[in-house]
Each structure stands twice: as structure tokens, then as C-alpha cells.
Amino acid sequence: MSAVEVWERYASNSRPRRAVNAAGASTWLNWTQYPDHGPDESVLGDLAGRRVLELGSGSGANLAHLATLGGNCTGVDLAPSRTSTAVAEWGHLPGLEFVTADAVAYLAEKDEVFDVMYSIFGAVWFTDPAILLPAVRDRLRPGGVLAFSQLPATEAGVIAGPAVSKWNYPADQWEKMLADTGFTATASVIPGPADGEVGTLLVHATAV
Ligand SMILES: C[S@@+](CC[C@H](N)C(=O)[O-])C[C@H]1O[C@@H](n2cnc3c(N)ncnc32)[C@H](O)[C@@H]1O
């Protein structure tokens, strides 16, 4: 099975996000695996008029929120059905497009420079950082922001699969890799909402 097939199967089993969150908002950005938990889009800094790229945008709900805040937003996702779902749900919003592509291939093909890139349990988790981080750095302006979230580190570090692998490094290793690639970075684990619940690794990096 290919990575695209893995993600198509994942997409076919995923349910749409709630129409409204606990605060009554119809669009919002959620970094963690829990509803109504963790920081919001302020992690990314100013968004109005900024060129924003989401790596592994899924059904597009997080990116749609950034478009409502004035971002000029593109979401890339490997799975074609994710693009169609995102366009069907959010394609009416101005300043928002969705593209079917592998994140690294997309970055390599573009000659555009972005202000903000982010990934929420998305392509950053599932792509070798030795390949992805330099590709991101090449397409971010100095001072631009890369932020991403995923599950915290495991003993194994890299969990290699036949089609899809996960890079589960600890926070200090992400900080070092990012520093070595031309970023200043901070990484930490947001605690889960209740005792005993797994937290979320959140990494914030600024291109030097
Ligand atoms: C766990 S889902 C998360 C989706 C979304 N970010 C969210 O929070 O709902 C991971 C997504 O990343 C996409 N993805 C995985 N590897 C990718 C890659 N190399 N390039 C682009 N998208 C990728 C998958 O197709 C899938 O939609």
C-alpha cells in the first residue's frame, strides 16, 4: 500500500469536525488532539496579509480559520480526497486554496516565499526532517515562522512503517535540528487536559 492509499483510508474513516466549538465559534485553530484545548493561532503571529502554507492540511478547518483572519492561505495534502473535502467545505472563503501534493515536492516546485508555515499532526510528523526542514527553510522569509504539533517523543524516535513513518523526536532534538537548519526554535509538550492524558509536542521556529 502506498502513502497516498494509507492517507485515503485514514480520510475515509475520519469524521468532520464539529460545526461550532465550545466558545461558539464556527472556525478555529486547534493544535492538539483534544477539542477546546491548547493555544490558538496566536502561536503563528500576525496573519493578516501574510502568505500562509499548511503542510498536511486534511479537511482544511484549521486553515479556513486563518483565511477568515486575513491570511493568504494554501493547504497541501497528499490525499486527493482531502483536497476535495476541504474545497467543498471551505472553498467559498476568499484567500484560501487547497492543493494535492507531497509537502516536499510542493516546496521544491515553488519559487514563492512564505511568511508562515505550519503543520498540525500533519506532513512534518510524517516526513524525514533531514529532507523537510531545509525545504521549509528555503521557502520561508527571514523572520518567517514554522510551527508544528504532533504526539510527544517515544522511546523509538523514528517509527518506521512500510508506507508511512513518524518522526517522534524529543523537544531538545527538534530544537537542535532546527538550529542546524537556520532557525531559532523552542519546543515543549503541552500537558493533556486531564491527569494521565498524553500531551502534545508543539514546536515554534523562526527563520534566521
Ligand atoms: C493525521 S492527518 C492531520 C490532518 C490535519 N492537519 C488535521 O489536523 O486534521 C495527517 C494529514 O497529513 C497528510 N500528509 C501526510 N504526509 C504528507 C506529505 N508528505 N505531504 C502532504 N501531506 C501529507 C495526510 O494526507 C493527512 O491528511
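Details of the structure are given in the entry above.
Heads up: these notes are all about the structure in this document. As the structure is a computational prediction, the values presented were derived from the model and not from experiment.

### Comments concerning the overall build of the protein
Move 1: Scanning the protein from N- to C-terminus turns up six helices and nine strands.
Move 2: Taking 208 residues into account, the globule formula puts the C-alpha radius of gyration at 17 Å, and the protein, at 16 Å, falls close to it.
Move 3: When the backbone C-alpha atoms are referred to their principal axes, the protein occupies close to 40 × 40 × 35 Å.
Move 4: Among the 208 residues that make up the protein, the fraction classed as buried is 48%.
Move 5: A total of about 9700 Å² of accessible surface is found on the protein, and carbon and sulfur atoms cover 55% of it.

### Regarding the site of the ligand
Move 1: Looking at the ligand, there are 19 residues lining it, with Gly56, Asp77, Asp102, Ala103 and Ile120 nearest.
Move 2: Between the ligand and Asp77, the relevant distance is 2.6 Å, taken from an oxygen atom to a side-chain nitrogen or oxygen of the residue.
Move 3: Between the ligand and the protein, one listed contact pairs a nitrogen atom with a side-chain N or O atom of Asp102 at 2.8 Å.
Move 4: For the ligand, the accessible surface in isolation is 600 Å², of which the surrounding protein chains cover 87%.
Move 5: For the shell around the ligand, a count of residues per class yields ten nonpolar, five polar and four charged.

### Notes on the pairing of strand E5 (residues 140-150)
Move 1: Along E5, eight of the eleven residues are buried, which leaves the element largely enclosed by surrounding structure.
Move 2: Strand direction decides the pairing type here: strand E4 (residues 114-120) and E5, joined by six bridges, are parallel. Within E5, the position partnered with Met117 by the bridge is Leu146.
Move 3: As a crossover connection, the stretch from E4 through helix H5 (residues 129-138) into E5 is right-handed.

### Concerning the environment of Ala156
Move 1: By the element assignment, Ala156 lies in the loop between E5 and strand E6 (158-159).
Move 2: Along the chain, Ala156 and Ala86 lie 70 residues apart, while their C-alpha atoms are 33 Å from each other.

### Some words on unusual backbone geometry
Across the chain, the bulk of peptide bonds are trans and the bulk of non-glycine residues have phi less than zero.
Move 1: The phi torsion at Asp36 lies on the positive side, around 55°, for a residue other than glycine.
Move 2: The backbone of Phe121 shows a phi angle near 50°, a positive value even though the residue is not glycine.
Move 3: Position of Phe121 relative to the elements: it lies in the loop between E4 and H5.
Move 4: Take Phe121: its relative accessible area is 22%, and that puts it in the partly exposed class.

About the criteria used
- Residues numbered from 1 in each chain as written.
- Predicted model: local features only at pLDDT ≥ 70, side-chain atom pairs only at ≥ 80, totals over all residues.
- Heavy atoms only, no water.
- Helix = DSSP H or I, 4+ residues; strand = E, 2+ residues; numbered from the N terminus.
- Rg over C-alpha atoms; globule rule 2.2 N^0.38 Å.
- Buried < 20%, exposed > 50% of the residue type's maximum accessible area, 1.4 Å probe, protein only.
- Areas by Shrake-Rupley, 256 points an atom, 1.4 Å probe, with all protein chains shown as cover.
- Near = heavy atom within 4 Å.
- Polar contact = N/O pair within 3.5 Å; in protein donor to acceptor, adjacent residues only side chain to side chain.
- Nonpolar A, V, L, I, M, F, W, Y, C, P; charged D, E, K, R; others polar.
- Pairing = 2+ DSSP bridges.
- Right-handed = clockwise from strand over helix to strand, strands pointing away.

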